[in-house]
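Architecture at a glance
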Amino acid sequence: MSEIEKEATGGTVLVDPLGGLLLDPPNELKFRGPFDDYVTVSLMIKNPTEKRIAFKIKTTAPKRYCVKPNSGVLDSQQTMKVNVLLQPFNYDPNEKNKHKFMVQYMYLNENEMQLSVNDILGMWKDVQPTRLMDIKLKCVFEQSESEQTRHDQSKSEKNLQSTQMPLQTKPETRSQANRASNIEENVNTKFESVSSSINPKTPIMNANNNHSARLDKNDNLANELIEIKQENDLLKAEINKLKEEEARLRKLALDPPRSNKQNNNSNEILIDLLHNRSSIVIIVLLAIIFYLMLFR
């Protein structure tokens, strides 16, 4: 394929004899707030030519955006939808935005048209720069109407406070002196009326009585807790005794069959011993008789 000269101005390709890709929107991606959550913008890419085109998408701020799909292959007259996801951030309308996107693409020759999509996507590392075309897009951040009004209100309040601060700090000596004297007179009269109507001994006595009542109540609660703990210990001891008694009864219930079995075994052993002894006695008697018969 012969080298195609291109010239990019204002984010659009001006020179492309075959027409190039068509983007919608063509020049900029508009992201509308609020920006404390994910914001998604769709980009439509169309191949109006008769050739097969491979493309990939790049950005100047890869950590702030997620593009799906970020590359692909378009057949003739095919359109593909690309979702551009902006991650949440603290938006400052006074901050200048310099984020940009670039859709880079190349026309495939006859041999490359027969390749699979995965093989074509693997060609980007070795492709010659003279084959590459690109379309550039600017990113625009727009606030919603509610956030714009909120921002304007906060800005006007700050301006109002800054204008009111010098007025509040101006000296007003006469009015402040009159106001202070009036407050002092009111306080003195109220204090005299209250001190004359209240007996100073009564609050102290009431406070002492309340304190002693609280102490008595705390002592009663402590005694009740001690009694409850003692009763709990007694109940635990009774429960342990019952458990031991139950275990002993179970053991007694299981022991008799074993003892009977042991007695039966001992009886069988005694019978075998008696049989053995009787046979021994018979053998001894026979030996004696045989001995007497021989030596007579």
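Bear in mind that the values here come from a model prediction, so they are computed numbers and not experimental data.

Conventions adopted
- Residues numbered from 1 in each chain as written.
- Predicted model: local features only at pLDDT ≥ 70, side-chain atom pairs only at ≥ 80, totals over all residues.
- Heavy atoms only, no water.
- Patch = residues over 30% accessible without salt bridge, like charges linked within 9 Å, V, L, I, M, F, W, Y side chains within 5 Å.
- Areas by Shrake-Rupley, 256 points an atom, 1.4 Å probe, with all protein chains shown as cover.
- Salt bridge = Lys/Arg side-chain N within 4 Å of Asp/Glu carboxyl O.
- Helix = DSSP H or I, 4+ residues; strand = E, 2+ residues; numbered from the N terminus.
- Buried < 20%, exposed > 50% of the residue type's maximum accessible area, 1.4 Å probe, protein only.
- Pairing = 2+ DSSP bridges.
- Polar contact = N/O pair within 3.5 Å; in protein donor to acceptor, adjacent residues only side chain to side chain.
- Contact = heavy atoms within 4.5 Å.
- pLDDT = per-residue confidence, 0-100.

Let us now look at a nonpolar patch on the surface. Judged by side-chain polarity, Ile280, Val281, Val284, Leu285, Ile288, Phe290, Tyr291, Leu292, Leu294 and Phe295 come together as a nonpolar surface patch covering roughly 1000 Å² of accessible area. With respect to the element layout, Leu285 can be found in helix α5 (residues 201–294). For Leu285, a relative accessible area of 47% translates into the label partly exposed.

The side chains of a regular strand alternate, residue by residue, between the two faces of the sheet. Bridge analysis of strand β4 (residues 28–32) against strand β11 (residues 133–142) gives five bridges, and the strand direction is parallel. What sits directly across from Glu28, in β11, is Lys138. Bridge count between strand β10 (residues 100–107) and β11: six bridges; the pairing is antiparallel. Bridge pairing links Lys100 to Lys138 in β11.

Bringing the side chain of Arg52 into the picture now. With respect to the helices, strands and loops of the structure, Arg52 is situated in the loop between β5 (39–46) and β6 (53–59). Arg52 sits in the buried class, given a relative accessible area of 15%. Of the polar contacts made by the side chain of Arg52, one reaches the side chain of Asp75; its length is 2.9 Å. Every residue in contact with Arg52, bar those within four places of it in the chain, is listed here: Asn47, Val73, Leu74, Asp75, Met106, Tyr107, Leu108, Glu112, Met113, Leu115, Val117 and Ile120.

Of note, Gln104 is situated in strand β10. For Gln104, the side chain forms a polar contact with the side chain of Lys58, separated by 3.4 Å. In contact with Gln104, not counting residues within four places along its chain, are Ala54, Phe55, Lys56, Lys58, Trp124, Leu132, Met133 and Asp134.

A few words now on the confidence of the model for the protein chain. In low-pLDDT regions, the fine details of the predicted coordinates are not to be read closely. The predicted model of the protein chain averages 77 in pLDDT, with 66% of residues at 70 or higher. The low-confidence segment residues 1–14, where pLDDT is below 50, has 30 contacts with residues more than four positions distant or belonging to other chains. In this model residues 167–172 is a low-confidence stretch, pLDDT under 50, and it forms zero contacts with partners more than four residues away in sequence or in other chains.

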